[in-house]
Amino acid sequence: MSNNLTSNCTSEEQLEKIRRGQERKFRWRDDWPVMEKNILDAGREAIAAHESKAKAEQE
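Residues numbered from 1 in each chain as written. Predicted model: local features only at pLDDT ≥ 70, side-chain atom pairs only at ≥ 80, totals over all residues. Heavy atoms only, no water.

What follows deals with the nonpolar core. Counting residues in each nonpolar core, the largest one holds 10 residues, listed as Cys9, Leu15, Ile18, Phe26, Trp32, Met35, Ile39, Leu40, Ala46 and Ile47. Of all the elements in the fold, those that place two or more residues in this core are α2 (12-26) and α3 (32-58). Looking at this core, the element that brings in the most residues is α3, giving six residues. Residue contacts for Ile18: discarding those within four places in its chain leaves Leu5, Thr6, Cys9 and Ile39. (Core = buried A, V, L, I, M, F, W, Y, C linked by side-chain atoms within 4.5 Å. Buried < 20%, exposed > 50% of the residue type's maximum accessible area, 1.4 Å probe, protein only. Helix = DSSP H or I, 4+ residues; strand = E, 2+ residues; numbered from the N terminus. Contact = heavy atoms within 4.5 Å.)

What follows is the structure, given as structure tokens:
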């Protein structure tokens, strides 16, 4: 689930909006902390990939 949501994530602000939206839907679940961690990890990976691609294009 989280990979689909965060695959095009390009900034921490965008990642936070995704996290908040998912929190509204799923915070009642017992496994929400694990889901939140997965969303944040996947989002940060997508941001890092986006930044490295942008740097490679600049060179």
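Let's shift gears to the environment of Pro33. Along the chain, Pro33 turns up in helix α3. By relative accessible area, Pro33 is classed as exposed at 52%.

Attention now moves to the pattern of salt bridges. Under the definition given, this model contains seven salt bridges. We note a salt bridge from Asp31 to Arg29, for which the minimum N-O separation is 3.0 Å. The salt bridge involving Lys37 is made with Asp41; its shortest N-O contact spans 2.8 Å. Of this pair, Lys37 and Asp41 both sit in helix α3, four residues apart, roughly one helical turn. By sharing partners, the salt bridges in this structure join Glu16, Arg19, Arg20, Glu23 and Glu36 into a single network. (Salt bridge = Lys/Arg side-chain N within 4 Å of Asp/Glu carboxyl O.)

With 97% of its residues at a pLDDT of 70 or more, the chain shows a mean pLDDT of 90. Across the chain, the element-wise mean pLDDT spans from 76 in helix α1 (residues 2-6) up to 95 in α2. (pLDDT = per-residue confidence, 0-100.)

What follows is about the side chain of Arg19. Assignment of secondary structure puts Arg19 in helix α2. Judged by relative accessible area, Arg19 falls into the buried class, the value being 13%. A polar atom in the side chain of Arg19 sits 3.0 Å from the side chain of Glu36. In this structure Arg19 touches Trp32, Glu36 and Leu40, once residues within four positions along its chain are discounted. (Polar contact = N/O pair within 3.5 Å; in protein donor to acceptor, adjacent residues only side chain to side chain.)

This paragraph deals with the packing of α2 against α3. Where α2 contacts α3, the axes come no closer than 10 Å and their chain directions differ by 160°. Between α2 and α3, the crossing angle belongs to the class labelled roughly antiparallel. Two packed elements cross with a definite hand, and for α2 against α3 that hand is right-handed. Each of Glu12, Leu15, Ile18, Arg19, Gln22, Glu23 and Phe26 in α2 lies in contact with α3, whose residues at this interface are Trp32, Met35, Glu36, Ile39, Leu40, Gly43, Arg44 and Ile47. By residue class, the composition of the contact of α2 with α3 is eight nonpolar, two polar and five charged. (Axes fitted to C-alpha atoms, helices over the stretch in contact; angles between N-to-C directions. Parallel < 35°, antiparallel > 145°, perpendicular 65-115°, else oblique. Left-handed = near helix turned anticlockwise from the far one by under 90°. Nonpolar A, V, L, I, M, F, W, Y, C, P; charged D, E, K, R; others polar.)

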